[in-house]
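# Summary of structural features
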Amino acid sequence: MENRKIVMASRPAGWVTEENFRVETGPVAKPDEGEVLVKNLWLSLDPYMRGRMSDAKSYVKGVDIGEVMVGQTVGEVLESKDPKLKPGDHVLTQLGWQLYGVGAGKDLAKVDGSRAPLSYYLGLLGMPGLTAYFGLKEIGQPKAGETVVVSAASGAVGSVVGQLAKLWGCRVVGIAGGKMKCDFVKDELGFDACIDYKSEDVHGALRTLCPKGVDVYFENVGGPMLDTLLRHMNLFSRIVVCGLIAEYNATEPYGYKNLRAILVNRIKVQGMIVFDWKDRYGEALKALGEAYAQKKLKYRESVVEGLENAPRGLIELLKGGNFGKQLVKLA
Ligand SMILES: NC(=O)c1ccc[n+]([C@@H]2O[C@H](COP(=O)([O-])OP(=O)(O)OC[C@H]3O[C@@H](n4cnc5c(N)ncnc54)[C@H](OP(=O)(O)O)[C@@H]3O)[C@@H](O)[C@H]2O)c1
């Protein structure tokens, strides 16, 4: 058996390109005591990967040049030297952009393909779902009847944020790029409205759609979008700074103009990183799993086929070419 992996060949300057990656082949590693050999079936592509390709200081160390790209996968256990796992089990891993990998059994979480498609454990029932749940519940703290706005609303995190806010009794307005995404957000996900920031004036649309202002803004985008929302936030409102994808490939930081609104309206602005809640993942996975089983949460995926296409998938994701959770089908 031969392993194939994608390593980072060079650091991007500005936008990521396919030249920043290289495919390598080699033997498949053997598991030692306590370890497990996994065949990866699904690879998750996520916006944070752009940050890991940079050597700027961040909340987690970046990938080194020549190192396998980081990423979560769902895979099948082929060989196990951990008594808790057996061949055929499906597991959630951090093995990255490769077809096979060896991991410590204690670091692998078993997932159940009979409850949901295996790929969902990388999205709705995985890291993006957890991000939506804790970011909204703990930082956004929405109350029934309040107005919640979420950007990148058709995406992995945004789609769950908006649906949870609806389930919790809020009025929900999404912001997404293009008519297809906005129609999906309204008609399929059940948001009250969706603003197409590519064809509409976001400021004018917010004035019409949120006449009583915004109580919670769940930020996935940053840049001019955040600046515009600052003008609509209510007294004692909350902004969940979950992601700033519009800034990830920029060579200059965006210059915010409306920060005065934070002072005047006593807005609580808080960054969130999902793993700060890792002790409570069980609570969120139970809530998300139950809502999914009761058909109260809808979910959409964008799939590229084959490991070699992972770089293209990441580049598309960073440009908004995905429509739903971006994945690579490896097998
Ligand atoms: N803090 C955490 O722990 C954590 C965890 C997971 C994710 N995140 C963050 O959450 C955000 C969403 O992640 P995701 O995995 O759910 O991705 P996603 O929303 O499924 O995909 C990214 C989306 O961002 C939008 N986008 C890209 N460039 C944009 C731009 N310049 N202006 C406006 N929108 C743009 C695109 O949607 P449109 O076509 O609608 O523009 C694109 O589809 C990201 O910022 C990510 O970094 C944070």
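Structural data are supplied above this passage.
Residues numbered from 1 in each chain as written. Predicted model: local features only at pLDDT ≥ 70, side-chain atom pairs only at ≥ 80, totals over all residues. Heavy atoms only, no water.

So, about the pairing of strand β4 (residues 73-80). Pairing geometry for strand β3 (residues 35-44) and β4, over 7 bridges, is antiparallel. The residue bridging Leu-43 from the neighbouring strand is Thr-73, located in β4. Sheet analysis places β4 next to strand β5 (residues 90-93), joined by 4 bridges and oriented antiparallel. Pairing of Glu-76 across the sheet is with His-90, part of β5. (Pairing = 2+ DSSP bridges. Helix = DSSP H or I, 4+ residues; strand = E, 2+ residues; numbered from the N terminus.)

Pairing within the open sheet is parallel, and its 6 strands lie in the order β10-β9-β8-β11-β12-β13. Two strands close off the open sheet at either side, each with one partner strand: β10 (193-196) and β13 (268-271). Each neighbouring strand pair of the sheet contributes to a mean axis angle of 15 degrees, computed without reference to strand direction. Pairing between strand β11 (residues 214-219) and strand β12 (residues 233-241): 5 bridges, direction parallel. Paired with Phe-218 across the two strands is Val-240, which belongs to β12. (Axes fitted to C-alpha atoms, helices over the stretch in contact; angles between N-to-C directions.)

Helix α8 (residues 281-293) packs onto helix α2 (residues 127-140) with a crossing angle of 105 degrees between their chain directions and a minimal axis gap of 10 Å. Of the possible angle classes, the one that applies to α2 and α8 is roughly perpendicular. Residues Gly-129, Leu-130, Tyr-133, Phe-134 and Lys-137 of α2 form the contact with α8, whose own contacting residues are Tyr-281, Glu-283, Ala-284, Leu-285, Ala-287 and Leu-288. For the contact of α2 with α8, the class distribution of residues is 8 nonpolar, 1 polar and 2 charged. (Parallel < 35°, antiparallel > 145°, perpendicular 65-115°, else oblique. Contact = heavy atoms within 4.5 Å. Nonpolar A, V, L, I, M, F, W, Y, C, P; charged D, E, K, R; others polar.)

A separate point is unusual backbone geometry. With the exception of glycine, most residues fall at negative phi, and the peptide bonds are largely trans. Within the chain, Gln-141 stands out as a residue other than glycine whose phi angle is a positive 45 degrees. For Phe-236, which is not a glycine, the phi torsion comes out positive at approximately 60 degrees. Relative to the assigned elements, Phe-236 resides in strand β12. Overall, Phe-236 belongs to the exposed group, its relative accessible area being 51%. (Buried < 20%, exposed > 50% of the residue type's maximum accessible area, 1.4 Å probe, protein only.)

Our focus in this paragraph is the packing of aromatic side chains. Tallying each qualifying case throughout the model produces 9 aromatic pairs. Centroid distance Tyr-59 to Phe-275: 5.8 Å. Interplanar angle 55 degrees. Geometry classified as tilted. Pair noted here: Tyr-59 is in the loop between α1 (48-52) and β4 and Phe-275 is in the loop between β13 and α8, with a separation of 216 residues, a long-range link. With a centroid separation of 4.8 Å and 80 degrees between ring planes, the pair formed by Tyr-254 and Tyr-256 is classed as edge-to-face. Classification of Tyr-254 by relative accessible area gives partly exposed; the value is 24%. Above the plane of the ring of Phe-184 lies Arg-300, whose end atom (NZ or CZ) is 5.7 Å from the centre. (Phe/Tyr/Trp six-rings, centres within 6.5 Å; stacked < 30°, edge-to-face > 60°. Lys NZ or Arg CZ within 6 Å of the ring centre and 35° of its normal.)

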